[in-house]
Amino acid sequence: MEANPSLLDTVGVGDLVLLDPLSEESLLQNLKERFRHQEIYTYIGNVVISVNPYQPLPIYSPQTVENYRNSNFFAVKPHIPPRGGQTGESGNGAREASKQVMSYVAAVCGKGEEVNQVKEQLLQSNPVLEGGCPPALKRAPSSPGKYMDVEFDFKGQPLGGVISNYLLEKSRVVRHVKGERNFHIFYQLLAGGSDQLLRGLKLERDCRRYGYLGREDPSLPGVDDAANFRAVQDAMMVIGFSPAEVQALLEVVAVVLKLGNVELGSQFQASGMESCSIQDTRAVREICELIGLPESVLEKALCSRTVEAKREKVVTGLSMAQGCYGRDALAKNIYNRLFNWLVNRINASIKVGVLGHRPRNNSFEQFIINYCNEKLQQIFILMTLKEEQEEYVREGIQWTPVDFFDNSIICSLIEDSKAGILAMLDEECLRPGVVTEETFLAKLNQVCASHKHYESRATQNARHVTDTSLAGSCFRVHHYAGKVTYNVTGFVEKNNDLLFRDLSQAMWKARHELLRSLFPEGDPQKASLRRPPTAGSQFKASIATLMKNLYSKNPNYIRWCIKPNDNKEPGVFTDGLVQMQVRYLGLLENVRVRRAGYAYRQGYEPCLERYKMLCKQTWPKWKGGARDGVQALLTDLRILPEELAYGRSKIFIRTPRTLFDLEDRRRLRMADLASLIQATYRGWRCRTHYQQMRKSQIVISAWFRGQAHRKRFEKMKKSALLIQAWVRGWKSRRLLRELKHQKRCSQAAATISAYWKGYKVTAGPGAPVGPLCRGCRSALGHGQRPSHGWAGGSLGIVWGSRGEKRVGLARREAGSFRPRPAPGLLTGRLPLQTRKEYKKYFRSGASATLANFIYRRLLQKFFLGLQSNLPPLVVTDRSWPAAPYKFLANTNEELKKIFYPWKCKKYRDRLTPQRKALLQDKLCASELFKDKKTLYAKSLQQSFQGEYLGLQKNPKYRTLQTAAEGKLVLADTVQKVNRANGKTVPRLFLLTKNHIILADPKAAQPKTVVSLSDIRSVSVTRFSDGFFVLHLNETSTVGTKGDFLLVSDHLIELVTKLHQTLLETTTKTLNLQVADE
């Protein structure tokens, strides 16, 4: 493979060809590590492995597409855009991968009205064929196998394409597994069709009213069937379907649904033979109204059959089983032919390579799919070897033949025209007489009995082999990926796939143009007595055409799509499931083929550019040719000559270990260069900073001196102005005092004069009586005598303490003067309207203010009370004070949830490392034995010491210390039980990081050493005894003597330590079995 920085700097190993050491465990661990870091794509050379993340990832953005556009395959991290073509099992993400490939093709192509139209049609063809369904959904149906051949012009712009359909699981139309759904278009039509459309199609929106839909709730979480139906309609419009074509297509879909509601009943004719009849004519009547066919024609075709013999036609009635078979066969054929018409109609618009399939169960469909996988594996290996050989010849490197498993013998077992399984199946289907699956299996057992890749119950009995896993109605094929068992039930029926001629003729008589075009053989003028080809022969011919297309092109692959778990949960990686897929997909075999000879190759120029810093001759710049530079570089690094081969334009390196050694040296050298660059940069930065500080100091000094002089001037100016202002103020105040004195003298004279005049008015003989008129009041105000009298009393002028003049009424009766105050001035009360407005304003805000104050006071009281009433910091104490008020219940509950984890964290922080390790051991023991073994309860109070023999203190055990190699985990005395007589002998039990050592306590010498990888499982009883059994692998050298039966006083600790050590050393958990005996 050809690598670059992006492949070498990624998580794990980006290309499995560089994986070292190469084994199934290392390959699985590499895929798991990359999946954990959301690196879901991995290369095997120029082939991509995809692991389904079951969640959207930010790796399909327009920026990502732009990064991969016009870039070398190895210049970026492993990704899907430049690849095409994928296989794998159901739920692996193959359909999503194909959509991303098509989206990438559409994104990187040119622009223009015609080009954009072609790209949009290519993209919209997928939701139409998939029924508008999102990929990788639980209960999603099978998608058809299809090959989409995209054609480009010399500028890389798409001109159009052709879609080839290979396998549609049409049996799903009439029957599907419980818990799954039928084809999506049925549910989308019922959920997304308008009321007017459904009335026109004579359909009801409830899916449970249709027999073919299982009469169960079809809803899926996260799936909007109505929106998907609108997407399908929009896609049809983009491709170029007319409204009449869309309406006709939906009418045919409605006919398929209605056929499932046609109920047939059994009856007996006058001759005593069984026949069938229509129980409820409503469904038949609605079907005939949709397709324009008389009811009698359809009823006759469903309940009878015309047989031609010697140019005579005989009409015979069908039994109920035959009638149901004919009805279902008609529904399957209508749907299958409608799908083929849809593919041809799309091809007519776009004139699209992605290959995909989804296996279901080990039935006829699974057999056909696995046959396709065998052919794909064959072409993949052959084209890979051909590509490798051509590159070696092109570069002038000697080609070394590669040994690999050739699966042509398996392909011959299936497709051989004389003795192949498909040929035997066709022969049985064409044979007259009673044909059943049992006769077909017997035929296979007779013809294929000697084939080493075929196996059945009969062939096993002939070889005296007993295998209860292989049922009598099954046969087994040894595929390249492993053994697969097939149940022959339904093989003959699904391969025949016959449709009675009466039903074809009835469909041709319909006035529905689309439905009539689907059954051209129904035309009486074109009637043919030839038997239609079987499903197996049709698929065999399609595979031959596919292989021819692939051989004529230069394909790129997303060869394998892997499903990480069965529950379709994001971030979950099930080792066992992925390991099974790695084996069945033959990944290890393909990596070995890829890395045969030289595992790494790269052009001279990029290789020199990447590693030139490792040699003084090539750093910093090499002045000669790139090949000479690489040769000088690798010679200076003293790499063994047998590890290298110099091609015409590339350097070849044999083992990944040499490449990783180069990468380690480069990493260290880059660190040294980075340190040198940092030191140089820091020196330049310090010098520049010093120059800037010096210039800044000069500027600051000049500015400071100027600012000091300016401040001094401003201060002197302010002082002068202050003195001037004070002097002017002193002069002004002195003048003001003189003017005020003159004014007071003038006012005193006027006051005395007014007082004297008033006195004369009130005390004189002509004092007025009664109220004064306006003229008199004016006269009094000017110090003149009023012209009228005052009857109510005497008017007086009262002088206040400060000289204010007050006019009041002094009544003669009292003999004193009391001024009459103005309304409201002495009482201090505001007017009524003002008080009402203020009262309204106060009440509008008072309630909110009081409520807020009470709420804050209750919160303060709650938190202060909680502070003094917190539970003790004991992890076993889960108590918590109750909330004093109901509105604080949620807050109190949240505080409780926060407090307990915080208390546990505080407890963990106080633990010593030794205490933490002990608690972890106890936790592991709890997971293994709690509620399983009675002895576990007694071990809770016992601390795990690990070393019970005192090996360090006793010099007698020096040999055992040497055998443990400083990796001792546990040392204890156990009793070994003799299986022959049941007697026990003492043994020293030593558990290390790699082995289990059983030693003689007297001689202190090891007697048995068992590798941890040889331990298959451990068995214990559920009682309070110390018995346990070490089960060893059959391949173990120690296992030839059988398993070990031992008794220990510290059984719980021993098994716990063994489980932890095995998990740490081999990354495998201990298989612990707790039994009653």
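Keep in mind the model is a prediction, meaning the values are calculated, not measured. (Residues numbered from 1 in each chain as written. Predicted model: local features only at pLDDT ≥ 70, side-chain atom pairs only at ≥ 80, totals over all residues. Heavy atoms only, no water.)

Chemist: An account of the overall build of the protein is requested, with residue identities and associated values reported.
Modeler: A tally of regular secondary structure across the protein gives 33 helices and 28 strands. Buried positions account for 43% of the 1077 residues belonging to the protein. Put simply, the protein shows about 60,600 Å² of open surface, and 54% of that area lies on carbon and sulfur atoms. (Helix = DSSP H or I, 4+ residues; strand = E, 2+ residues; numbered from the N terminus. Buried < 20%, exposed > 50% of the residue type's maximum accessible area, 1.4 Å probe, protein only. Areas by Shrake-Rupley, 256 points an atom, 1.4 Å probe, with all protein chains shown as cover.)

Chemist: So what's going on with the sheet that holds strand E24 (residues 1005-1011)? Which residues, and what values?
Modeler: Spatially, eight strands are ordered E24-E23-E22-E21-E27-E26-E25-E28 in an open sheet, and the strand pairing comes out mixed. Both edges of this open sheet fall to E24 and strand E28 (1072-1075), since each of them pairs with a single strand only. Within the sheet, the average angular offset between the axes of one strand and its neighbour, ignoring direction, is 30°. The pairing of strand E23 (residues 995-1000) with E24 spans six bridges and is classified as antiparallel. Each residue of the ladder has a partner; that of isoleucine 996, found in E24, is valine 1010. The strands touched by helix H33 (residues 1051-1066) are strand E21 (968-977), strand E22 (984-992), E23, strand E25 (1015-1021), strand E26 (1027-1032), strand E27 (1044-1048) and E28; relative to E21, the strand with the most contacts, the crossing angle is about 125°. (Pairing = 2+ DSSP bridges. Axes fitted to C-alpha atoms, helices over the stretch in contact; angles between N-to-C directions. Contact = heavy atoms within 4.5 Å.)

Chemist: Give a description of a nonpolar patch on the surface that names residues and reports values.
Modeler: Where nonpolar side chains cluster on the molecular surface, the patch consists of Ile723, Trp726, Val727 and Trp730 and spans about 430 Å² of accessible area. By the element assignment, valine 727 lies in helix H26 (residues 656-763). Residue classification places valine 727 among the partly exposed residues on the basis of a relative accessible area of 32%. (Patch = residues over 30% accessible without salt bridge, like charges linked within 9 Å, V, L, I, M, F, W, Y side chains within 5 Å. Salt bridge = Lys/Arg side-chain N within 4 Å of Asp/Glu carboxyl O.)

Chemist: Just give me the short version of the pattern of salt bridges, but keep the residues and values in it.
Modeler: Under the criterion given, the structure shown has 27 salt bridges. For glutamate 286, the salt bridge is made with lysine 258, and the minimal N-O distance between the two is 2.5 Å. Highlighted residues: glutamate 286 in helix H10 (residues 281-291) and lysine 258 in helix H9 (residues 243-259), separated in sequence by 28 residues. Accessibility classification places glutamate 286 together with lysine 258 in one group, the buried group. Three or more residues are tied together by salt bridges with common partners; here these are Glu204, Arg209, Lys258, Arg282 and Glu286.

Chemist: I'd like a description of helix H16 (residues 437-447), backed by residues and values.
Modeler: Taken together, the buried positions of H16 are Glu437, Phe440, Leu441, Leu444 and Asn445. Angular distribution of buried residues about the axis of H16 spans 140°; they occupy a single face of the element. Turned more than 90 degrees from where H16 packs its buried face, Glu438 and Gln446 sit exposed. The inward-facing, buried residues of H16 abut helix H15 (421-430), strand E11 (454-456), helix H17 (457-462), strand E12 (474-479) and helix H18 (491-496). (Arc of directions from axis to C-beta.)

Chemist: Please give an account of the sheet that holds strand E15 (residues 600-603) that cites residues and values.
Modeler: Across the sheet, which stays open at both edges, the three strands sit in the order E15-E17-E16 with antiparallel pairing between neighbours. Looking at strand neighbours, the two that pair on one side only are E15 and strand E16 (644-646), the edges of this open sheet. When the angles between neighbouring strand axes are averaged without regard to direction, this sheet yields 20°. Here E16 runs beside strand E17 (residues 650-653); their pairing, made up of three bridges, is antiparallel.

Chemist: Outline a positive patch on the surface, supporting the account with residue identities and numerical values.
Modeler: A surface patch of like charges, here positive, comprises Lys731, Arg733, Arg734 and Arg737. Note that arginine 734 resides in helix H26. (Lys, Arg positive; Asp, Glu negative; His and termini not counted. Charge placed at Lys NZ, Arg CZ, Asp CG, Glu CD.)

Chemist: So, the nonpolar core: which residues are in play, and what are the values?
Modeler: By size, the foremost hydrophobic cluster in this structure holds 66 residues, and its most contacted members are Phe186, Leu203, Leu259, Val262, Ile291, Ile334 and Met507. At eleven residues, H9 tops the list of elements feeding residues into this core. Setting aside residues up to four positions removed in sequence, phenylalanine 186 forms contacts with Leu213, Val253, Val256, Leu257 and Tyr335. Judged by nonpolar contacts, the second largest core, of 40 residues, contains Ile49, Val51, Cys607 and Leu614. (Core = buried A, V, L, I, M, F, W, Y, C linked by side-chain atoms within 4.5 Å.)

Chemist: How would you sum up the side chain of asparagine 182? Please name residues and give values.
Modeler: Inspection of the secondary structure puts asparagine 182 in the loop between strand E5 (158-167) and helix H6 (184-192). Separated by 3.0 Å, the side chain of asparagine 182 and the backbone oxygen of valine 173 make a polar contact. Polar side-chain contacts of asparagine 182 include one of 2.9 Å to the backbone oxygen of tyrosine 212. (Polar contact = N/O pair within 3.5 Å; in protein donor to acceptor, adjacent residues only side chain to side chain.)

Chemist: Hey, could you go over the packing of helix H30 (residues 913-929) against H33 for me, with residue numbers and the actual values?
Modeler: Direction vectors running N to C along H30 and H33 enclose 100°, while the axes themselves pass 9 Å from each other. Regarding the angle of H30 to H33, the classification is roughly perpendicular. Residues Gln920, Asp921, Cys924, Ala925, Leu928 and Phe929 of H30 touch H33, and the partners they reach there are Ile1052, Val1055, Thr1056, Lys1057, His1059 and Gln1060. Class assignment of the residues belonging to the contact of H30 with H33 gives a composition of six nonpolar, four polar and two charged. (Parallel < 35°, antiparallel > 145°, perpendicular 65-115°, else oblique. Nonpolar A, V, L, I, M, F, W, Y, C, P; charged D, E, K, R; others polar.)

Chemist: An account of the packing of H15 against H16 is requested, with residue identities and associated values reported.
Modeler: One can describe the packing of H15 onto H16 by two numbers: an axis separation of 10 Å at closest approach and a directional angle of 135°. One element, H15, and the other, H16, form an angle in the oblique class. Remark: the crossing between H15 and H16 carries right-handed chirality. From H15, Ile421, Met424, Leu425, Glu427 and Glu428 reach across to H16, where they touch Thr439, Phe440, Lys443, Leu444 and Val447. Classifying every residue of the contact of H15 with H16 by side-chain character gives six nonpolar, one polar and three charged. (Left-handed = near helix turned anticlockwise from the far one by under 90°.)

Chemist: Which residues make up unusual backbone geometry, and what values go with them?
Modeler: Omega for the bond connecting tryptophan 619 with proline 620 falls within 30 degrees of zero, at 5°, which places this linkage in the cis form. Tracing the backbone shows proline 620 in the loop between helix H24 (604-611) and helix H25 (626-636). Positive phi outside glycine occurs at arginine 638, with the angle close to 60°. You can call arginine 638 exposed: its relative accessible area is 77%.

Chemist: Break down the packing of aromatic side chains for me, with residues and values.
Modeler: Taken as a whole and judged by the stated rule, the model has 18 aromatic pairs. Clustering of aromatic rings is evident, with ring pairs tying together Phe367, Phe440, Tyr454, Phe475, Tyr486 and Phe491. Over the ring of tryptophan 508 we find arginine 516; its NZ or CZ atom is 4.1 Å from the centre of that ring. Taking the ring centre of tyrosine 900 as reference, the NZ or CZ of arginine 878 above it sits at 4.1 Å. (Phe/Tyr/Trp six-rings, centres within 6.5 Å; stacked < 30°, edge-to-face > 60°. Lys NZ or Arg CZ within 6 Å of the ring centre and 35° of its normal.)

Chemist: Can you break down helix H29 (residues 889-909) residue by residue, with the values?
Modeler: Taking 1.5 Å per residue, 21 residues should reach 30 Å; H29 reaches 30 Å between its end C-alpha atoms and fits that length. Among the residues making up H29, those that are buried are Asn892, Phe899, Lys903 and Cys904. With its buried residues spanning 125° around the axis, H29 presents them on a single face. The outward face of H29, more than 90 degrees from its buried face, is lined by the exposed residues Asn890 and Ile898. (Expected span 1.5 Å × (residues − 1).)

Chemist: Any chance you could break down the environment of arginine 172 for me, citing the residues and the numbers?
Modeler: Within the fold, arginine 172 resides in the loop between E5 and H6. Residues arginine 172 and tyrosine 212, 40 residues apart in the sequence, show an inter-C-alpha distance of 8.9 Å.

Chemist: Explain the pairing of strand E2 (residues 47-51) to me, using residue names and the numbers behind them.
Modeler: Counting buried positions over the five residues of E2 gives five, a clear majority of the element. Along E2, one buried face is formed by Val47, Ile49 and Val51 and the opposite face, lined by Val48 and Ser50, is buried too. Alignment of strand E1 (residues 41-44) against E2, held across four bridges, turns out to be antiparallel. Paired with isoleucine 44 across the strands is valine 47, a residue of E2.

Chemist: So what's going on with the confidence of the model for the protein? Residues and values would help.
Modeler: Segments scoring low in pLDDT should not have their predicted coordinates read at a detailed level. For the protein, mean pLDDT is 77; residues scoring 70 or higher make up 77% of the total. Below pLDDT 50 for its whole length, residues 132-142 participates in 41 contacts with residues either more than four positions away or in separate chains. For the stretch residues 766-772, pLDDT sits under 50, and the model shows 32 contacts to residues farther than four places along the chain or on other chains. (pLDDT = per-residue confidence, 0-100.)

Chemist: I'd love a proper account of the environment of histidine 1031, names of residues and values included.
Modeler: Relative to the assigned elements, histidine 1031 resides in strand E26. Histidine 1031 gets classed as buried once you look at its relative accessible area, which sits at 16%. Each C-alpha atom of the pair histidine 1031 and serine 1017 lies 5.1 Å from the other, and the pair is 14 residues apart in sequence. Among residues more than four places away in sequence, those in contact with histidine 1031 are Asp1014, Ile1015, Arg1016, Ser1017, Val1018, Ser1019 and Asp1043. At a separation of 2.6 Å, a polar atom in the side chain of histidine 1031 contacts the side chain of serine 1019.

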